[in-house]
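# Notes for the structure review
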Amino acid sequence: MASVFGLEYGENKFFPSARDAKELQGRAELLPSGLRWKSQVIHTSHPTKSPAILYWWDPLKCIASIFNHPLFHNRLDYTSRKVYSTVQRLSWIYTEWVTGDHAWEMQLTLPRGATLLRTILSSDKTCITALSGDRVAHPLLISLANIHMATWLKSSSNAFLLTALLPVPKFVHKNKRMRGLLQDWLIHNCLSIVLEPLKLAARNGVMMSDPIGCSRYCFTMLASYIADTPEAMMLACVDDLEAFFCEAQKFHLNGVDKPFWWDWILAEPSRFFTPELLHHIHKKFWDHDAQWIILAVGGISKLKQVTGHCHRDVQWSIIAVSVDAAPPGVVVAVCALMHFRYLVQSLCIDDKDLGRITATLDEFHVNKHTIIAAGIRQGKGGKAINNWHIPKLELMQSIIPSIRNSGVIAQWSVDVTEHAHITEVKDPARSSNNNNYDPQICRYLDRADKCNRFDLATGLLDHSEDPGVVGEEFVEEDDEIDDDTPAELLSPTRRPGQPRPITDYFSIAKILQQKEIGPVPVPLRSFVVGRTALHLAYDPSIKNISVDKVAIMFGLPDLQPAIADFLHHEVTYGNHIHSIGGPRRAAHGAELPFDKVQVWFKVHLQETDFHDPWTLGHWVIMIQSLFRPAQGTPGLPVAFQGTPLLKSGSSFSLLAEAGHDGHGMIMKRAKRSNGTRMGDIIPVSQFRAPVHLIPHFGATADTHLTAYNSMEHAAEFWLNYFWDKHTFFALSK
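Thresholds applied
Residues numbered from 1 in each chain as written. Predicted model: local features only at pLDDT ≥ 70, side-chain atom pairs only at ≥ 80, totals over all residues. Heavy atoms only, no water. Salt bridge = Lys/Arg side-chain N within 4 Å of Asp/Glu carboxyl O. Helix = DSSP H or I, 4+ residues; strand = E, 2+ residues; numbered from the N terminus. Buried < 20%, exposed > 50% of the residue type's maximum accessible area, 1.4 Å probe, protein only. Pairing = 2+ DSSP bridges. Axes fitted to C-alpha atoms, helices over the stretch in contact; angles between N-to-C directions. Contact = heavy atoms within 4.5 Å. pLDDT = per-residue confidence, 0-100. Phe/Tyr/Trp six-rings, centres within 6.5 Å; stacked < 30°, edge-to-face > 60°. Bend = angle between axes of the 7 residues up to and from the residue. Polar contact = N/O pair within 3.5 Å; in protein donor to acceptor, adjacent residues only side chain to side chain.

## Considering the pattern of salt bridges
Across all of its chains, the model carries 16 salt bridges by this definition. For Arg404, the salt bridge goes to Asp351, with nearest N and O atoms at 3.5 Å. Of this pair, Arg404 sits in helix α16 (residues 399-406) while Asp351 sits in helix α13 (residues 351-367); the two residues are 53 residues apart in sequence, bridging distant segments of the chain. The exposure class of Arg404 is partly exposed, given its relative accessible area of 33%. What makes Asp351 partly exposed here is its relative accessible area of 26%. The partner of Arg584 in a salt bridge is Asp558, and the shortest N-O contact between them spans 3.0 Å. Residue Arg584 is found in the loop between α21 (559-573) and β17 (596-600), and its partner Asp558 is found in the loop between α20 (547-554) and α21; the two are separated by 26 residues along the sequence. A residue is classified by how much of its surface remains accessible, and Asp558, at 18% relative accessible area, is buried. Here the salt bridges do not stand alone but share partners, grouping Asp558, Asp565, Arg584 and Asp680 into one network.

Written out as structure tokens, the structure is:
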């Protein structure tokens, strides 16, 4: 390594000899190369403003590079499988693509002992200039559905490779529709050129090496093509051209006579165009469902520069906010679609779940007439629409067949491909001279590929274990790393190119439990209770503060008597579940064995998946403070010597459970007999899961309520089903 980069040793440090970026890039060129870029000028029947140049990597070599990558060892499926919920095999469980019907149908066409490589393609135009210019790239990404869904859905796994940069020329033609047709022809022609090696391998097979070096006889079938609706219609050769090619118009064809998939064995658009969540589910909500509710209740105030985060926030809160203000039938219809939207996102769906999904869609169709009757199905200019010609709504009918044929639709997420657009196209484009982007992107990726291969080789030499992986998890882009977590408890390995280690609080808690008491700080800041891992920073946010000041800071006038009641409960019952409620027995001036406490402002929580109702036997509380007595306080009960405690400023009781005309459970703020809010002290170890409450505003919200005081002054709340998928699956049953 030192000889390649010209490094010199001095006091255990490396001093690079490269004097500038150009010289460093030259040294990167000396590294062993992997895939090589190809380019070809595509001749068109009509003139273009600039030459149409296609840049691509051999897709078969890309597949081979993914298939034999050591990071995917033990994370590949080589055969199809069927999973049932009972030994009687009455209910089929659908998860990954290998559990669907298409996997079995394709496997039956192959020779005995052959390996089916399920190719995933994705393409979409993306802007590579910010704020100015109209420079657009059209990347084609490739991956394998053989990779476990939990692995390739991680952005940091880099399971997608850029295999081609499709040309985006501007055709010179006076007819706009003709320009669009010429562009479609060009894309299909380029895809046919790029994907020809995969078509040959699908017909004849090819020998490839897996991650452990075994040779396999492989066939590259097309499993899925991830694209948004306009792109999918173009690739499927379906369009709604009003006046173009009379014969083609009769069948709603777009004029492409030889689509790229026509000679790819077992490739059929109705199979490989799988639904995906962003465009077919979430964007449909904002374009239609949200607009119906907004028109029904009178609009959303102060909503500017709407982003994807705003769409998400509106999606999980709009039903609870508007349930009493919108017409009941409209709420029923939109709520049914919301249930459908969440149910299809499950990572494990059986025949019973498919029945629930079908029932929610049927319920919408039964009640959709109320939307038109209310006059809130509108188009541009507020013009009323009296039909249901919504392509994304029609596509919902294909989701259940797609689950049966290709597995759950959550695996076809564009989150991974959009992230790949950034790392494979936009970031390289930013390092260019803003002129003639495509060859510079290819050169950048070529050097990056050399460096990544070099990092991987040196990483494998440095680490005996699988690099970059702990269990089944890769590094997440938004994982929050606690600076107070001891370095030796984090993952000792890092994936090449990823700057941060993995934080798994379940593993950390397990390691801490096995260590001796001496070197481990007590009480433990990381521990597991059931299916929940809790973690607090080693150093509290406030290291030393009096109980009286905490009461004033957090608005807890009964903090001192609540602590006294907790102590009395510990002395009487010992290590027992602490309940909330009952009369306050201690006086406000009750004497405590300590005066100083330590306070934390946040607690980290990790959960495993749960799908069983857990509302019975649980309280819903609002956390007001998180504290424990200061260090060095002798003679405390066991609970005070262990994990910190929660001060619940309010608890809630179940007032009513609404049907489909509402949203979910209505919670009422619990009060004591004297009218004060009910709250008590409980250990953090009793904390199980976060939930989301939305004030029950009624038909007309109090004008004095704001985003800052509504949680404090409201008396009734919705227990929000739609806050996240975990909560939905637990409460919706």
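Back to the text.
## A closer look at the sheet that holds strand β6 (residues 92-94)
The three strands lie next to each other as β5-β6-β13, forming an open sheet whose pairing is antiparallel. Each end of this open sheet is capped by a strand with a single partner; those strands are β5 (83-84) and β13 (349-350). Bridge count for β5 against β6 is two bridges, and the pairing is antiparallel. Along β6, the bridge assignment pairs Tyr84 with Trp92.

## A look at the sheet that holds strand β14 (residues 526-529)
Read from one edge of the open sheet, three strands run β14-β15-β18, paired in antiparallel fashion. If you trace the sheet from one side to the other, it starts and ends with β14 and β18 (604-607), each paired once. The mean inter-strand angle of the sheet, taken between neighbouring strand axes irrespective of direction, is 20 degrees. The sheet contact formed by β14 and strand β15 (residues 532-535) spans four bridges and is antiparallel. Its bridge partner being in β15, Val528 is matched across the sheet by Ala533. Against the sheet, helix α19 (residues 505-514) contacts β14, β15 and β18, and its axis sits at roughly 105 degrees relative to β14.

## Here we look at the confidence of the model for the protein chain
Mean pLDDT over the protein chain works out to 80, with 82% of the residues at or above the 70 mark. Segment residues 658-662 is flagged for pLDDT under 50; beyond a separation of four residues in sequence, or across chains, it makes 15 contacts in the model.

## What to know about the environment of Gly382
On the secondary structure map, Gly382 appears in the loop between α14 (369-373) and α15 (391-395). As a C-alpha pair, Gly382 and Leu295 span 87 residues in sequence and 10.0 Å in three-dimensional space.

## Thoughts on the pairing of β17
Counting buried residues along β17, four of its five residues qualify, which places the element largely inside the surrounding structure. Two elements, strand β16 (residues 542-546) and β17, share three bridges in a ladder whose sense is antiparallel. Bridged to Ile545 within β17 is Val597. Bridge count for β17 against strand β19 (residues 620-629) is four bridges, and the pairing is antiparallel. Within β19, the position partnered with Gln598 by the bridge is Arg628.

## A word on the side chain of Ser402
In this fold, Ser402 is placed in helix α16. A relative accessible area of 9% places Ser402 in the buried class. Ignoring sequence-local partners within four residues, the contact set of Ser402 consists of Thr274, Pro275, Gly407 and Ile409.

## Quick word on the packing of aromatic side chains
Applying the stated criterion across every chain yields a total of 19 aromatic pairs. Taking 6.4 Å as the distance between ring centres and 55 degrees as the angle between the ring planes, the aromatic pair formed by Phe260 and Phe272 counts as tilted. Placement of Phe260 in the loop between α8 (246-250) and α9 (269-272) and of Phe272 in helix α9 is noted, with a sequence separation of 12 residues between them. Classification of Phe260 as buried rests on a relative accessible area of 0%. Judged by its relative accessible area of 1%, Phe272 falls in the buried class. Taking 5.1 Å as the distance between ring centres and 45 degrees as the angle between the ring planes, the aromatic pair formed by Tyr342 and Phe722 counts as tilted.

## Section: the environment of Ser156
With respect to the helices and strands, Ser156 occurs in the loop between α5 (149-152) and β10 (161-166). Linking Ser156 and His419, residues 263 residues apart in sequence, is a C-alpha distance of 9.2 Å.

## A word on helix α10 (residues 277-297)
Since the α-helix turns once every 3.6 residues, residues separated by three or four places project in the same direction. Remark: the principal bend of α10, roughly 40 degrees, maps to Phe285. Regarding α10, its N-cap is Glu276, as a side-chain oxygen of that residue lies 3.0 Å from the backbone nitrogen of Leu278 further along. One or two steps after α10, the chain reaches Gly298, where phi turns positive at roughly 105 degrees.

## A short note on helix α3 (residues 59-67)
The buried fraction of α3 amounts to seven of the nine residues, a majority that puts the element mostly inside the structure. The set of residues buried in α3 consists of Pro59, Leu60, Cys62, Ile63, Ser65, Ile66 and Phe67. The opening residue of α3, the one whose side-chain oxygen lies 2.9 Å from the backbone nitrogen of Leu60, is Asp58.

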